[in-house]
Amino acid sequence: MPVEIEMRARFTKEVHDQLVARLKTSGEDLGPDDKHIYFYVLPDQLLKVTDNTTVGTAKITLKGSKIGQGAAFAETEFAIAPAGVPAAVKVFNALGFEAAMHEAFNFRHNFRFDDVEIAVKWSEAWGYHAEFEVLLDDGSSDAARAEAEAKITSVATALGVTLMTEQELADFTAAFEAAEKERKEREQQATPIR
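Conventions adopted
Residues numbered from 1 in each chain as written. Predicted model: local features only at pLDDT ≥ 70, side-chain atom pairs only at ≥ 80, totals over all residues. Heavy atoms only, no water. Helix = DSSP H or I, 4+ residues; strand = E, 2+ residues; numbered from the N terminus. Expected span 1.5 Å × (residues − 1). Buried < 20%, exposed > 50% of the residue type's maximum accessible area, 1.4 Å probe, protein only. Arc of directions from axis to C-beta. Contact = heavy atoms within 4.5 Å. Pairing = 2+ DSSP bridges. Patch = residues over 30% accessible without salt bridge, like charges linked within 9 Å, V, L, I, M, F, W, Y side chains within 5 Å. Areas by Shrake-Rupley, 256 points an atom, 1.4 Å probe, with all protein chains shown as cover. Salt bridge = Lys/Arg side-chain N within 4 Å of Asp/Glu carboxyl O. Core = buried A, V, L, I, M, F, W, Y, C linked by side-chain atoms within 4.5 Å. Polar contact = N/O pair within 3.5 Å; in protein donor to acceptor, adjacent residues only side chain to side chain. Phe/Tyr/Trp six-rings, centres within 6.5 Å; stacked < 30°, edge-to-face > 60°. Lys NZ or Arg CZ within 6 Å of the ring centre and 35° of its normal.

A. Structural context of helix 2 (residues 85–97). In this model, helix 2 (13 residues) spans only 15 Å end to end at C-alpha, well below the 18 Å of a helix rising 1.5 Å per residue. Listing the buried residues of helix 2 in full gives Val85, Ala88, Val89, Phe92 and Asn93. Down the axis, helix 2 shows its buried residues gathered within 135° of arc, on one side only. Exposed positions of helix 2 whose direction lies more than 90 degrees from the buried face are Pro86, Lys90, Ala94 and Leu95. In this fold, the buried residues of helix 2 make contact with strand 3 (35–41), strand 4 (46–52), strand 5 (57–63), strand 6 (72–80) and strand 7 (101–113).

Take a look at the structure:
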């Protein structure tokens, strides 16, 4: 099971545009990567059903922790047919995960800069943001993980991007989850009983 070392940043459209321009001239352009994602936020994990609309693929991913619980994410991932996305969502909802589900569309463009993969994104929940990622083998040492985090931090600094702290990530995701829960409760109350 590979381990992603993943750090994030949120920024303005101006910073987004500057970052994309810099990456297009100084980095490796890996292309657009738009995704329709169903997130299931579980107590200590994140389950995702992803329809990669740009390339016509889909997958189910279980991340071994949640955003804001450290930069290392052990992942279990397997491909499914894009036509199977609605069925996968239906199964997870039927298993009782529907209350923890958030649906999002991410406009993404992927780059590589100094051996760090960078997904520059926009979504309704996060606004303009980016994920900086280094993929390690499952048995990677703590030193290798710390080295990957240092590499990401160095790349972000070189690109003029301020990374979010784990506490900022935890606070942001907690506020988002609370707002989504409130929104869903309002929708349920507004739905007439038949």
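Having seen it, we continue.
B. Up close: the pairing of strand 1 (residues 3–11). The element strand 1 is largely enclosed, with a buried count of eight among its nine residues. With three bridges connecting them, strand 1 and strand 6 associate as antiparallel partners. Following the sheet pairing, Val3 is matched in strand 6 by Ala74. Note: strand 1 against strand 9 (residues 127–136), nine bridges, orientation antiparallel. Within strand 9, the position partnered with Ile5 by the bridge is Val134.

C. Layout of the side chain of Thr50. With respect to the helices and strands, the residue Thr50 is situated in strand 4. Here Thr50 is in contact with Lys35, His36, Ile37, Thr57, Ala58, Lys59 and Val85, once residues within four sequence places are set aside.

D. Fine view of a nonpolar patch on the surface. A surface patch of nonpolar side chains, about 270 Å² in accessible area, is lined by Phe105, Phe107 and Trp122. Secondary-structure assignment places Phe105 in strand 7.

E. Focus on the nonpolar core. Formed by 25 residues in total, the largest nonpolar core has its most connected members in Leu19, Leu23, Ile118, Phe132, Ile152, Leu159 and Val161. Elements supplying a minimum of two residues to this core: strand 1, helix 1 (13–26), strand 7, strand 8 (116–123), strand 9 and helix 3 (142–158). The element contributing the most residues to this core is strand 1, with five residues. Residue contacts for Leu159: discarding those within four places in its chain leaves Leu19, Arg22, Leu23, Phe113, Ile118 and Phe132. Judged by nonpolar contacts, the second largest core, of 13 residues, contains Val49, Ile80, Val85 and Val89.

F. Highlighting the side chain of Asp33. Checked against the element boundaries, Asp33 lands in the loop between strand 2 (28–32) and strand 3. Classification of Asp33 by relative accessible area gives buried; the value is 7%. A polar side-chain atom of Asp33 sits 2.6 Å from a polar atom in the side chain of Asn52.

G. Layout of the packing of aromatic side chains. Under the criterion given, the structure shown has six aromatic pairs. Taken together, Tyr40, Phe92 and Phe97 form an aromatic cluster joined through their ring pairs. Looking at Arg8, its charged tip hangs above the ring of Trp126, at a distance of 5.0 Å from the centre. Above the plane of the ring of Phe73 lies Lys63, whose end atom (NZ or CZ) is 4.8 Å from the centre.

H. Focus on helix 1. With 14 residues, helix 1 should cover 20 Å at 1.5 Å per step; its first-to-last C-alpha distance of 20 Å lies within 8% of that length. Looking at the buried side of helix 1, the elements it contacts are strand 1, strand 2, strand 7, strand 8 and strand 9.

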